[in-house]
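Chain by chain, the residues run as shown.
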Amino acid sequence: MTNIVLFGKPGAGKGTQAEFLKGKYNLTHLSTGDIFRFNIKNETELGKLAQTYINNGGLVPDEVTIKMLQSEVEANPDSAGFLFDGFPRTIAQAEALDAFLATKNEKITATVALEADDEILVARLLERGKTSGRADDQDEEKIRNRYQEYNEKTAPLIGFYKEQNKFYAVNGIGTIAEITERLSNVIDNL
């Protein structure tokens with residue numbers, strides 16, 4: 001089973017690339033954003049719990065996020081592997097994911113980071129915001145705050161996965177096809 005963590009700052013192209021990678025490698029794409037939206041919309045027990053945190057202006061705790069992810073993994077027992085998008089975001093989440101996968105006799109195969117200069121990504125998100133309708137893509141200050149949070153909370157994962165020899169950086173600037181080819185070269189050589 002191939003289990004890939006796809007990571008990068010907002011606007012790096014994770015969602016776009018995930019669409020290509022899941023088809024090419026027959027992976028189940030698990031986007032925490034999509035999972036949250038599904039659970040909240042369908043008023044699952046976990047969705048209702050997450051909504052209470054969101055309504056109070058807080059972040060959904062790791063344990064709730066992890067339970068949602070676990071239920072998605074368990075709902076796909078015949079998957080050839082998983083493409084984790086937007087998770088883990090902290091070392092605590094990475095450790096919880098490793099512990100959960102170990103109960104399934106599985107592990108993270110690799111973490112692939114789409115890297116790009118902040119200024120290019122800010123411009124990309126502001127452009128996306130013109131058509132996406134997402135408020136968080138239309139405000140440069142909010143975008144930069146998301147990058148600061150990424151640098152503080154998510155960037156430490158680079159060291160976590162480097163220690164396990166599972167971290168691969170890929171240039172996230174270029175055409176979609178060029179970036180897909182770079183990602184494929186990494187995955188094909190795992």
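What counts as what
- Residues numbered from 1 in each chain as written.
- Predicted model: local features only at pLDDT ≥ 70, side-chain atom pairs only at ≥ 80, totals over all residues.
- Heavy atoms only, no water.
- Phe/Tyr/Trp six-rings, centres within 6.5 Å; stacked < 30°, edge-to-face > 60°.
- Buried < 20%, exposed > 50% of the residue type's maximum accessible area, 1.4 Å probe, protein only.
- 1 Å grid on protein atoms, 1.4 Å probe; cavity = no way out; pocket = protein on both sides within 12 Å on 5 of 7 lines; lining within 4 Å.
- Points joined across faces, edges and corners; volume = space filled by probe spheres on them.
- Helix = DSSP H or I, 4+ residues; strand = E, 2+ residues; numbered from the N terminus.
- Nonpolar A, V, L, I, M, F, W, Y, C, P; charged D, E, K, R; others polar.

## A word on the packing of aromatic side chains
Here a ring pair, both rings aromatic, is described through the centre-centre distance and the interplanar angle of the planes.
Alright, step 1. Following the criterion strictly, the structure yields four aromatic pairs and no others.
Alright, step 2. Seen in terms of ring centroids, Phe82 and Phe84 are 6.1 Å apart; in terms of plane orientation they differ by 35°. Their pairing is tilted.
Alright, step 3. Residue class for Phe84 comes out buried when judged on its relative accessible area of 0%.
Alright, step 4. Arranged with centres 5.1 Å apart and planes meeting at 85°, the rings of Phe160 and Tyr161 form a pair that is edge-to-face.
Alright, step 5. Phe160 sits in the buried class, given a relative accessible area of 15%.
Alright, step 6. Three or more aromatic residues joined by ring pairs form one cluster here, namely Phe7, Tyr150 and Phe167.

## As for the layout of surface pockets
Alright, step 1. In this structure, the largest pocket occupies an estimated 1800 Å³ of space.
Alright, step 2. Surrounding the largest pocket, 50 residues form its lining, Thr32, Gly33, Gly86, Arg89 and Arg134 being those nearest its centre.
Alright, step 3. When residues of the lining of the largest pocket are traced back to their parent elements, those giving at least two are strand 1 (2-7), helix 1 (14-25), strand 2 (28-31), helix 2 (32-41), helix 4 (62-74), helix 6 (118-132), helix 7 (140-154) and helix 9 (176-188).
Alright, step 4. In terms of residue class, the lining of the largest pocket is made up of 17 nonpolar, 19 polar and 14 charged.

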